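# Notes for the structure review
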Amino acid sequence: MRIPFTELLRAAYGARSHASYLLVSIETDQGLVGYGEHDGLFHETAEAFIHSELKPLLIGEDPLQIEFLTHKTEHFLLWNTFAAYPLAAIDMALYDIKGKALGVPIYEVLGGLYREKMDTTGLIHLHVVEEDVASAVRCVERGHKVIKVKVGFDLEKDMERLTAIRDAVGPAIPFRIDPNMAWSPRTAVRWIRRMEKLNLQWVEQPVPSWDIEGLVEVARAVDTPLSADESCMTVRDAWRLAEARAVEAFNVYLTEAGGITRAREIVAIANAAGIACVIGTWGEGGVGQAAVLHMVASSRNFEHASDTAYGLTADDYITEPFRFDENARLTVPRKSGLGVEPSPAKVDHYAHIEGEDRVFAQGPGERFIPRSRMIL
Ligand SMILES: [Mg+2]
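What this report covers is the structure whose coordinates are included nearby. Since the structure is predicted, the reported quantities are computational estimates derived from the model, not experimental observations. (Residues numbered from 1 in each chain as written. Predicted model: local features only at pLDDT ≥ 70, side-chain atom pairs only at ≥ 80, totals over all residues. Heavy atoms only, no water.)

## So, unusual backbone geometry
Trans is the common state for peptide bonds, and a negative phi is the common state for residues other than glycine. Basically, it comes down to this: For helices the rule is a DSSP run of H or I covering at least 4 residues; for strands it is a run of E covering at least 2, with both sets numbered from the N terminus onward.
The phi angle at Asn 199 is positive, at roughly 65°, despite the residue not being glycine. On the secondary structure map, Asn 199 appears in the loop between α7 (185-195) and β8 (200-204).

Below, the structure is given as structure tokens:
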């Protein structure tokens, strides 16, 4: 399915005009149906991969044995990182079945209810000063308590945008900035030092994902905490980052981790290391967003606002879309399983929307310029 964003979503790595998902369903011989969502990229490939490689590993198995099925599938796929995204969709569907079979919401299968609501960041990503200022003011009006600004294009312009947004929203709302790996370590130090007078809560992934030593260098040189996003995909990434003492927060994705099962292990490593966790987003639809909410609801860690692109999509394909409360929070569903149901009419409608899922340099039709580890 493809659902348009209300605004072009720009980051240093490229821009996206719509969210896209592959809805995955697993049926049991007792008539239960579990839903999962494949987010991100390569949906057609993932669909073929699920049918040819994952389905044969799952047919005839007990869907309640999620730990066993996680190890079985990962083992047969030799821990191929591409497989994490399809596996995440399968994992969500298995939890949906388990919740429905037991008659409880998924958060009860996990740690039980720790919090009912997920705080969300207001996302600023338009890269035009006046538009970003207006967008930030709207975010504050909607109740967001933290604003996250995508940076990493033109540094003087980033400073200009951040300063204008700070002037418009006042001194109290913390900013997170996210250059999405655009900077070299020394460039990151130079620019974070300039930006940190603007009340930065933390900086997301300033340097490329593979450069943990670079991340450590930046962390030692600036006052602002760092978070690991692109460098924190798997459980083993989390372990190495915790060992390196490079960051004070992890951006956790169910997709990149391989589902709720593995994402919770990342959270466990973070708990042990005293690292905060927030959710990162690929632009989840209703099923993916529900899975995120069950994990956040059942984990102590996640005390800070998480990302969601839910407010940026024009619609959702589930029968009862989520609504933000007056403090820009999303509430975990209370029905059994994931607690959401796809609307067949909407799924059919959005399955026929054409669109380019690849990211663009800055916007459709513009030339691709790789932005990674730049010296500026
Ligand atoms: Mg990020």
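Back to the write-up after that little detour.
## A word on the pairing of strand β3 (residues 33-39)
For clarity, the cut-off: Buried residues are those whose accessible area, probed at 1.4 Å on protein chains only, stays under 20% of the maximum for their type, while exposed residues exceed 50% and partly exposed ones sit between those limits. At least two bridges found by DSSP between two strands are what make those strands a pair.
Among the 7 residues of β3, 6 are classified as buried, and the element is accordingly described as predominantly covered. Looking at chain direction, strand β2 (residues 14-27) and β3 are connected through 7 bridges and run antiparallel. Each residue of the ladder has a partner; that of Ser 25, found in β3, is Tyr 35. In textbook terms, the turn of a hairpin is the stretch between consecutive antiparallel strands, and for β2 and β3 this stretch comprises 5 residues, one of which, Gly 31, has a positive phi near 90°.

## Here's the deal with helix α1 (residues 43-58)
The condition that has to hold: In this analysis the local bend is the angle between axes fitted, respectively, to the seven residues ending at and the seven residues starting at the residue. For this analysis, residues touch if any pair of their heavy atoms sits within 4.5 Å.
Its maximal kink placed at Ile 50, α1 deviates by approximately 40°. Turning to α1, its buried residues number three or more, namely His 43, Ala 46, Phe 49, Ile 50, Leu 54, Leu 57 and Leu 58. Residues of α1 that are buried in the fold lie against β2, β3, α2 (66-76) and α3 (84-102). After α1 finishes, the residue Gly 60 shows a positive phi value of roughly 90°.

## Remarks on the sheet that holds strand β6 (residues 147-150)
For clarity, the cut-off: Axis lines are fitted to C-alpha atoms, over the contacting stretch for helices. Their N-to-C directions set the angle, which ranges from 0 to 180 degrees.
Pairing is parallel in the open sheet, where 7 strands are placed in the order β5-β6-β7-β8-β9-β10-β11. Edge positions in the sheet fall to β5 (122-124) and β11 (276-279), since each has one partner strand and no second. Across the sheet, the mean angle separating the axes of adjacent strands is 25° when strand polarity is ignored. In terms of strand pairing, β5 meets β6 through 3 bridges, oriented parallel. Bridging across to β6, Ile 124 finds its partner in Val 149.

## A word on the environment of Val 129
Residue position: Val 129 is located in helix α5 (residues 129-142). When its relative accessible area of 12% is taken as the criterion, Val 129 is described as buried. For Val 129 and Arg 161, which are 32 residues apart along the polypeptide, the C-alpha to C-alpha distance reads 5.1 Å.

## Quick notes on the state of the cysteines
Formally: The criterion for a disulfide is a pair of cysteine sulfur atoms lying within 2.5 Å.
Evaluated as defined, the whole model comprises 0 disulfides. The closest cysteine sulfur to the non-disulfide-bonded Cys 277 is located on Cys 232, 7.4 Å from its own sulfur.

## Some details on the nonpolar core
Where we set the bar: What we call a nonpolar core is a set of buried Ala, Val, Leu, Ile, Met, Phe, Trp, Tyr and Cys residues that are connected through their side-chain atoms within 4.5 Å.
Of all hydrophobic cores here, the largest spans 107 residues; its most connected members are Ile 147, Ile 177, Trp 183, Met 195 and Phe 250. Excluding residues that lie within four positions of it along the chain, Ile 147 makes contacts with Gly 122, Ile 124, Ala 136, Cys 139, Val 140, Val 169, Ile 173, Pro 174, Phe 175 and Arg 176.

## Here we look at the side chain of Thr 73
Formally: Polar contact is the term for a pair of N or O atoms within 3.5 Å; when the atoms are in protein, one must be able to donate a hydrogen and the other to accept it, and sequence-neighboring residues count only if both atoms are side-chain atoms.
Along the chain, Thr 73 turns up in helix α2. Of the polar contacts made by the side chain of Thr 73, one reaches the backbone oxygen of Leu 69; its length is 2.7 Å.

## Points about the side chain of Ser 227
Topologically, Ser 227 is positioned in strand β9 (residues 226-228). Residue Ser 227 is classed as buried on the basis of its relative accessible area, which comes to 0%. In contact with Ser 227, not counting residues within four places along its chain, are Trp 202, Val 203, Glu 204, Gln 205, Val 247, Ala 249 and Asn 251.

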